[in-house]
Amino acid sequence: MILLFGASGYIGQAFQKAMRQRRLPFTPLSRDQLDYTRFDVLLQCLREFRPDLTINAAGYTGKPNVDGCESARAETLAANTLLPQTIAHACVVAGIPWGHVSSGCIYSGAKVMLNGEWKVEPDLTQPHLRRLPDENPDAIQGFTERDEPNFSFRRPPCSFYSGTKALAEEAIAGVGRGYLWRLRIPFDEFDNARNYLSKMQRYARVYDNVNSISHRGDFAHACLDLWERRAPFGTYNVTNPGYVTTRQVVAVIQRVLKPDRRFEFWADDEEFYRFAARTPRSNCVLDVSKLLAAGVKSRPVDEAIEDSLRIWIPEKNPEPTP
Ligand SMILES: NC(=O)c1ccc[n+]([C@@H]2O[C@H](COP(=O)([O-])OP(=O)(O)OC[C@H]3O[C@@H](n4cnc5c(N)ncnc54)[C@H](OP(=O)(O)O)[C@@H]3O)[C@@H](O)[C@H]2O)c1
């Protein structure tokens, strides 16, 4: 049996659905039912339930977006750093493996081939790099799990949210038998305020950048695949292979959904941060070779986006609550 923390959340719901599809027995837990943020309560629960695995899909992502974490710092730190540490250590004491939903937002940019050399470029919106994704996509490579985060409290500037996610990784990597699964910018076919493809359609103006992103269902299944295949414990980037620019995503939305609107883009970072954002955003490319080498199959990102839009379910038919 798998014990799922944060089951009521956007990602927790995806895990519920994936486990149901796979007929994996699981118990969803919510703080309403049990205060799993307390070590003593949690340890007792683990000893009672004796799960084969715990999954931590709990966390604080900010309302209405990551800027919200700047004014809820205690909540952000408690949910994103202290809680994962509590869960990992309680699991060690109880002898139970754990999986934690981390984030790729602890990186900024990508590795870029320029003048015959690979170099980390933290900002792919610089004028000399803008056209690279379209003109020479292979000249951009993602960060691997071996690369140190470059968007964290140790490598500022970063958002408070990203800082707490990086700190959690640092605190729990190597503690007992655990997986750190890095998710990025979830999307799928269910129109929802949390879905990246919905956000693109709802923003008055769109911020163009380059990112690796995760189909929500593919993410949950990939994490469960790692567990079921008994892949070595450790950190895994779990995005759909490849990367996309926001302009490419908007082009697919226009082609497939044919919305009755024009899309406008912020002119540059300066304008975006002056009018639309308070804290720095992570935009980054991740390498998923380790995930694929573990035998996990995943659709390329452009295919996952196209598939989602082709079966798009508008919000008036919301996804059934699991
Ligand atoms: N959504 C994204 O864009 C994204 C991207 C990358 C990574 N992640 C990570 O994925 C995990 C889940 O995110 P999500 O988008 O599913 O978040 P969400 O929809 O806000 O759900 C998070 C759940 O965490 C639980 N929780 C426990 N302690 C909490 C606290 N102090 N404050 C608020 N909630 C708390 C709540 O469940 P109960 O009250 O039922 O226990 C809540 O439903 C987080 O670790 C997040 O950092 C998310």
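Our structure is the block above this text.
Every residue gets a number counted from 1 within its own chain, in the order that chain's sequence is written. Thresholds applied to this predicted model are a pLDDT of at least 70 for local features of residues and 80 or more for the giving and counting of side-chain atom pairs; totals over whole chains, interfaces and linings are not thresholded and use all residues. The basis for every side-chain value is the complete set of heavy atoms in the structure, and neither hydrogens nor water enter the calculation.

Participant: Break down the overall build of the protein for me, with residues and values.
Facilitator: Helix and strand definitions here come from DSSP, where helices need a minimum of 4 consecutive H or I residues and strands a minimum of 2 consecutive E residues; each element is numbered from the N-terminal end. Assigned secondary structure in the protein consists of 11 helices and 15 strands. Our radius of gyration looks at C-alpha atoms and nothing else; its globule reference is 2.2 Å times the residue count to the power 0.38. For the protein, whose C-alpha radius of gyration is 19 Å, the value lies close to the compact-globule estimate of 20 Å for 322 residues. The principal-axis extent of the C-alpha atoms belonging to the protein is close to 55 × 45 × 40 Å. Counting across all 322 residues of the protein, residues that qualify as buried make up 55%. Contact between two residues is taken to exist if any of their heavy atoms lie within 4.5 Å; hydrogens are not considered. Taking contacts inside the protein between residues at least 6 apart in sequence as the whole, the part at least 24 apart equals 79%. Summing over all exposed atoms, the protein offers an accessible surface of approximately 15,000 Å²; the carbon and sulfur share of this is 50%. Between buried and exposed lies partly exposed: a residue is buried under 20% and exposed over 50% of the maximum accessible area for its type, with that area taken using a 1.4 Å probe on protein chains only. We get accessible surface area from the Shrake-Rupley algorithm with a probe of 1.4 Å; when it comes to residues, only the shown protein chains can shield them.

Participant: I'd like to hear about the site of the ligand, residue by residue, with values.
Facilitator: Around the ligand, a shell composed of 23 residues is seen, among which S8, S30, Y36, Y161 and R194 lie nearest. Under the rule applied, a polar contact is a pair of N or O atoms within 3.5 Å (in protein, one hydrogen donor and one hydrogen acceptor; residues adjacent in sequence only if both atoms are side-chain atoms). At 2.8 Å, a backbone N or O of I11 approaches an oxygen atom of the ligand. Residue G59 places a main-chain N or O atom 3.1 Å away from an oxygen atom belonging to the ligand. Starting from 880 Å² of accessible surface for the ligand in isolation, the protein chains cover 87%. Mapped by element, the contributors of at least two residues to the shell around the ligand are α1 (10-21), α3 (73-94), β4 (98-103) and α5 (160-172). With 3 residues, the single largest contributor to the shell around the ligand is β4. Any residue outside Ala, Val, Leu, Ile, Met, Phe, Trp, Tyr, Cys, Pro, Asp, Glu, Lys and Arg is labelled polar, Gly included; the first ten of those are nonpolar and the last four are charged. Of the residues belonging to the shell around the ligand, the class tally is 11 nonpolar, 8 polar and 4 charged. Only a single heavy atom is needed: when it lies within 4 Å of a molecule or strand, its residue is near that molecule or strand.

Participant: Quick one: what's the story with the packing of aromatic side chains, residue by residue and with numbers?
Facilitator: Any two rings among Phe, Tyr and Trp, with Trp reduced to its six-membered ring, count as a pair given centres within 6.5 Å; such a pair is stacked if its planes are under 30 degrees apart, edge-to-face if over 60, and tilted if neither. Counted according to the given criterion, the structure contains 8 aromatic pairs. Aromatic side chains Y179 and W181 sit 5.6 Å apart centroid to centroid with 15° between the ring planes, which places their arrangement in the stacked category. The exposure class of W181 is buried, given its relative accessible area of 0%. Between R247 and the ring centre of F265, over which it is positioned, the NZ or CZ distance is 3.9 Å. In our convention, an over-ring charge means Lys NZ or Arg CZ found within 6 Å of a ring centre and within 35 degrees of that ring's normal.

Participant: Can you break down empty space enclosed by the protein residue by residue, with the values?
Facilitator: Cavity and pocket criteria rest on a 1 Å grid covering protein atoms alone: a 1.4 Å probe that fits but cannot get out defines a cavity, protein on both sides within 12 Å along at least 5 of 7 lines defines an open pocket, and an atom within 4 Å of a point defines a lining residue. Grid points are joined across faces, edges and corners, and a volume is the space filled by probe spheres set on the points. Within the structure shown, the criterion is met by 2 cavities of 30 Å³ or more. Listing elements by their share of the lining of the largest cavity, those giving two or more residues are α3 and β4. Of the residues that constitute the lining of the largest cavity, the class distribution is 5 nonpolar, 3 polar and no charged. Taken as a whole, the second largest cavity spans an internal volume of roughly 30 Å³. Taken together, S214, H215, D218, F219, A222, V238, T239, N240 and S298 make up the lining of the second largest cavity. When contributions to the lining of the second largest cavity are tallied by element, the ones reaching two or more residues are β12 (214-215) and α7 (216-228). With 3 residues, α7 is the largest single contributor of residues to the lining of the second largest cavity.

Participant: Give me the lowdown on the pairing of strand β5 (residues 110-114), citing residues and values where you can.
Facilitator: Should DSSP find at least two bridges between two strands, the strands are regarded as paired. Of the strand pairs in this sheet, β5 and strand β6 (residues 117-121) are connected by 5 bridges, and their pairing is antiparallel. In the sheet register, L114 faces β6, and the bridge partner there is E117. Hairpin connection between β5 and β6: a loop of 2 residues separates the two successive antiparallel strands, and N115 in this loop has a positive phi of roughly 50°.

Participant: Help me get a handle on a positive patch on the surface, residues and values and all.
Facilitator: Positive charge collects at one region of the surface, where R31, K63, R194 and K199 lie side by side. Relative to the elements of secondary structure, K199 occurs in helix α6 (residues 196-202). For K199, a relative accessible area of 30% corresponds to the partly exposed category. Here, patches come from residues exposed beyond 30% relative accessible area and free of salt bridges, joined within 9 Å for like charges and within 5 Å for nonpolar side chains (Val, Leu, Ile, Met, Phe, Trp, Tyr). We define a salt bridge as a contact between a side-chain nitrogen of Lys or Arg and a carboxyl oxygen of Asp or Glu at a distance within 4 Å. Neither His nor the chain ends is counted toward charge; the positive residues are Lys and Arg and the negative residues Asp and Glu. To locate a charge, take atom NZ for lysine, CZ for arginine, CG for aspartate or CD for glutamate.

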